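# Descriptive structure summary
Each chain, letter by letter, is given below.
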Amino acid sequence: MKTLTRFSNTLMERYLPDPYIFVAILTFLVFLLGVGLTDSSPLDMVVYWGDGFWGLLAFTMQMVIVLVAGHVLASSPLFKRLLSTMARGAKSPGSAILLVSFVSLIACWINWGFGLVIGALFAKEIARQVPGVDYRLLIASAYSGFVIWHGGLAGSIPLSIATEGHPFAQQMGVIPTSETIFSTYNLVIVILLIITVPLLNRWMMPKKEDTFIVDPALLEEPVEVEEVGDLTPAAKMENSYILSFLIGAFGLVYFGYHFATKGFDLNINIVNLIFVVLGIIFHGTPKRYLAAVANAVKTAGGIIIQFPFYAGIMGMMVTSGLAGVMSEAFVSISNENTFPLFTFYAAGIVNFFVPSGGGQWAVQAPIMLDAANTLGVSYSKTAMAIAWGDAWTNMIQPFWALPALAIAGLRAKDIMGYCLFVLILSGIVISFGLYFF
């Protein structure tokens, strides 16, 4: 395994471009496929790209706040102590990899936004404390937990179809989570991934001479120097705890109201608000908080410039009908037994170009639900096959890795060699669960 991972890492280091180059290549690839496989003209494809370019603007801002607010929270003294205490559970490089993988998987099963940030922050803290651990594998292990998100409590597709009045309710009705998230086949997949992914990550540990060790001092957050002496009224407000605690009180009251009235609704907006409010409280003063924000914002550049390009790709895929062409190709070779598998594989391919669970469901659902009805396959399993396909190829799609990479200070090529093997393992596990259960 060490030889295989060394080869994979070398391959990624040499040939995997920067995520911006990757999205630029995908843009031209989708353009050519759209012209060649649909009745869209070159001008049509360019128009679809331009019209869709800002289609993920709200989501882009959500992801920037996920990154910045999570980074700010992690740099607060109290949260540092919490992560440090948790990290003490790792006594060796091997146990560090296992612990980060397990925590990330559980966190992503609870909520994808929470898990994506917490996994990277926890891995970074462990790297400070555990000597000799491979930093690239540690961050790859943190990101590997993301493969489980769409089979978890915050899976956008199963939660959507469990809601009254969802877009496909007339065709498939309302599907309770007992038939999706808590179904036998889904729980089997989740449990197998929670067991096998940490073991795989541990197995991929490189030889000592190949281990990439980072200086713990480089991972420390800058310390803000407190002002002393006579302060102006403005400076007193900037260094006041009162304003931070008042804002914190607003947030805590709202959280109580939200969960009391909506149950365990841990959507991306509430996760972001939790990060923001706790960051304000834990930093104590507005001055410390704003200094932490200024430091965190430096890491958000990749998301800001690249996510609109993915929105443009999604615009070409959806409007030209190219996503439908890909889906129909898999439907044409399916039968009632293989349909969930081929739906899963089709969703995995479409996910490269439409890396949004909700967007992918809107594109593929009309085709796959009609085919499921014809073949006599349950709508719930069809939906979960699309959901798992959406999560599966995230392991080698830089789109979702950008927040974790920004927190870690690494490049996509640093972790994708390891993530390739997580892709292979998870593909086998998910295929097994969908076919045999």
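Only a predicted model underlies this, so the values are computations on that prediction, with no experimental measurement involved.

### A look at the overall build of the chain
A tally of regular secondary structure across the chain gives 22 helices and zero strands. In terms of overall dimensions, the chain is globule-like: its C-alpha atoms have a radius of gyration of 22 Å, near the 22 Å expected for 437 residues. Over its C-alpha atoms, taken along the principal directions, the chain stretches across nearly 75 × 50 × 45 Å. A burial count over the chain gives 56% of its 437 residues as buried. Once local pairs closer than 6 in sequence are excluded, the contacts in the chain between residues at least 24 apart make up 80%. Looking at the chain as shown, the accessible area adds up to about 18,600 Å², and 69% of this sits on carbon and sulfur atoms.

### Examining the packing of helix α18 (residues 339–353) against helix α20 (residues 379–392)
Each pair of packed helices gets described by two things: the angle between the helix axes and the distance between those axes. One way to put it is that α18 packs onto α20 with a least axis distance of 7 Å and a crossing angle of 35°. The crossing of α18 and α20 is right-handed. Of the residues in α20, those in contact with Phe339, Pro340, Thr343, Phe344, Tyr345, Ala347, Gly348 and Asn351 of α18 are Lys381, Thr382, Ala385, Ile386, Trp388, Gly389, Asp390 and Trp392. Here the residues of the contact of α18 with α20 sort into nine nonpolar, five polar and two charged.

### Some points on the packing of α20 against helix α22 (residues 412–436)
Closest axis-to-axis distance for the α20/α22 pair is 11 Å, and the angle between their directions is 175°. The angle between the axes of α20 and α22 places the two elements in the roughly antiparallel class. Seen from α20, the contacting residues are Lys381, Ala385, Trp388 and Trp392; seen from α22, they are Leu423, Ser426, Gly427, Ile430 and Leu434. Residues belonging to the contact of α20 with α22 are distributed by class as follows: six nonpolar, two polar and one charged.

### Observations concerning helix α7 (residues 112–129)
Between its first and last C-alpha atoms α7 spans 26 Å; for 18 residues at 1.5 Å apiece the expected length is 26 Å, and the two agree. Counting buried residues along α7, 16 of its 18 residues qualify, which places the element largely inside the surrounding structure.

### Thoughts on a nonpolar patch on the surface
A contiguous nonpolar patch, built from Leu98, Phe182, Leu187, Ile191, Ile195 and Leu199 and spanning about 520 Å² of accessible area, is present on the exposed surface. Here leucine 199 shows up in helix α11 (residues 184–203).

### Points about the environment of leucine 410
You can see leucine 410 is positioned in the loop between α21 (398–408) and α22. Sequence-wise, leucine 410 and tyrosine 135 are 275 residues apart; in three dimensions their C-alpha atoms are separated by 9.3 Å. When neighbours within four sequence positions are excluded, leucine 410 is seen to be in contact with Tyr135, Arg136, Ile139, Phe212, Leu405 and Ile415.

### Remarks on the pattern of salt bridges
For the structure shown, the criterion picks out four salt bridges. A salt bridge links aspartate 210 to arginine 6; the shortest N-O distance between them is 2.9 Å. One end of the pair, aspartate 210, is in the loop between α11 and α12 (233–238); the other, arginine 6, is in helix α1 (residues 2–15), and 204 residues separate them in sequence. Classification of arginine 6 as partly exposed rests on a relative accessible area of 39%. For arginine 411, the salt bridge identified is with aspartate 414, shortest N-O distance 3.0 Å. On the basis of relative accessible area, aspartate 414 is assigned to the buried category, the value being 8%. Linked by salt bridges that have partners in common, Glu13, Arg411 and Asp414 make up one network.

### Some words on the side chain of lysine 413
Among the structural elements, lysine 413 can be located in helix α22. No salt bridge forms around the buried lysine 413; measuring N to O, its nearest opposite-charge neighbour glutamate 13 is 4.8 Å away. Of the polar contacts made by the side chain of lysine 413, one reaches the backbone oxygen of leucine 16; its length is 3.5 Å. The residues touching lysine 413, leaving out its near neighbours within four places in the chain, are Met12, Glu13 and Leu16.

### Looking at helix α19 (residues 357–375)
The principal kink in α19, of about 50°, is found at glutamine 364, preceding the proline proline 366 by one to four residues. Turning to α19, its buried residues are Gly357, Gly359, Gln360, Trp361, Val363, Gln364, Ala365, Ile367, Met368, Leu369, Ala371 and Ala372.

### What about the environment of glycine 115?
Secondary-structure assignment places glycine 115 in helix α7. Assessed through its relative accessible area of 0%, glycine 115 is described here as buried. Remark: the alpha-carbon pair of glycine 115 and alanine 142, spanning 27 residues in sequence, is separated by 8.7 Å.

### Considering the packing of aromatic side chains
This structure, assessed with the given rule, holds 21 aromatic pairs. Note on tyrosine 20 and phenylalanine 309: the rings are 5.7 Å apart at their centroids and 85° apart in plane angle, and the pair reads as edge-to-face. Separated by 289 residues along the polypeptide, tyrosine 20 in helix α2 (residues 19–37) and phenylalanine 309 in helix α16 (residues 301–320) bring together distant segments of the chain. Classification of tyrosine 20 by relative accessible area gives partly exposed; the value is 36%. Taking relative accessible area as the criterion, phenylalanine 309 reaches 17% and is therefore assigned buried.

### Quick look at the side chain of serine 101
Inspection of the secondary structure puts serine 101 in helix α6 (residues 93–110). Judged by its relative accessible area of 0%, serine 101 falls in the buried class. If we ignore the near neighbours within four places in the chain, the residues touching serine 101 are Ser141, Pro198 and Asn201.

### Overview of the state of the cysteines
For the structure on display, the rule yields zero disulfides. Its sulfur unpaired, cysteine 108 is 12 Å from the next cysteine sulfur, which belongs to cysteine 419. Since its relative accessible area comes to 0%, cysteine 419 is described here as buried.

Quick notes on the rules
- The numbering scheme is per chain: residues are counted from 1 as the chain's sequence reads.
- With pLDDT at 70 or above as the cut-off, local features in this predicted model cover only qualifying residues; side-chain atom pairs require 80 or more to be listed or tallied, and sums for whole chains, interfaces and linings still use all residues.
- Excluded from the side-chain calculation are hydrogens and water; included are all heavy atoms of the structure.
- Strands are runs of DSSP state E lasting at least two residues, helices are runs of H or I lasting at least four, and both sets are numbered from the N terminus onward.
- Our radius of gyration is a C-alpha quantity, and the globule rule it is checked against amounts to 2.2 Å times the number of residues to the power 0.38.
- Throughout this description, buried means an accessible area under 20% of the type-specific maximum (1.4 Å probe, protein chains only), exposed means over 50%, and partly exposed covers the range between.
- Here, residues are in contact when the closest pair of their heavy atoms is within 4.5 Å.
- All accessible-area figures derive from a Shrake-Rupley calculation using a 1.4 Å probe, and residue coverage is judged against the displayed protein chains alone.
- Orientation is described by lines fitted to C-alpha atoms, with helices fitted over the stretch in contact, and by angles between N-to-C directions that extend from 0 to 180 degrees.
- Each helix crossing is assigned a hand: it is left-handed if the near helix lies turned anticlockwise from the far helix by less than a right angle, otherwise right-handed if that turn is clockwise.
- All amino acids are sorted into three groups, where Ala, Val, Leu, Ile, Met, Phe, Trp, Tyr, Cys and Pro are nonpolar, Asp, Glu, Lys and Arg are charged, and the leftover types, Gly among them, are polar.
- When an angle is under 35 degrees it counts as roughly parallel; over 145 it counts as roughly antiparallel; between 65 and 115 it counts as roughly perpendicular; any other value is oblique.
- By this rule, a helix spans an expected 1.5 Å times one less than how many residues it contains.
- Any residue with relative accessible area above 30% and no salt bridge may belong to a patch, with like charges joined within 9 Å and the nonpolar Val, Leu, Ile, Met, Phe, Trp and Tyr side chains within 5 Å.
- Each salt bridge in this description consists of a side-chain nitrogen of Lys or Arg and a carboxyl oxygen of Asp or Glu lying within 4 Å of one another.
- None of His or the chain ends enter the tally, which takes Lys and Arg as positive and Asp and Glu as negative.
- In the analysis that follows, any N or O atom pair within 3.5 Å is treated as a polar contact, provided that within protein one partner can donate a hydrogen and the other can accept it, and provided that, for residues neighboring in sequence, both atoms belong to side chains.
- At every residue, the bend is computed as the angle between two fitted axes, covering the seven residues ending there and the seven beginning there respectively.
- Two rings belonging to Phe, Tyr or Trp (six-membered ring only in the last case) form a pair when the distance between their centres is within 6.5 Å. Interplanar angles under 30 degrees mark stacking, angles over 60 mark edge-to-face geometry, and anything in between is tilted.
- Here, a disulfide means two cysteine sulfur atoms that sit within 2.5 Å of each other.

Function cannot be read off these values alone, since they describe shape.
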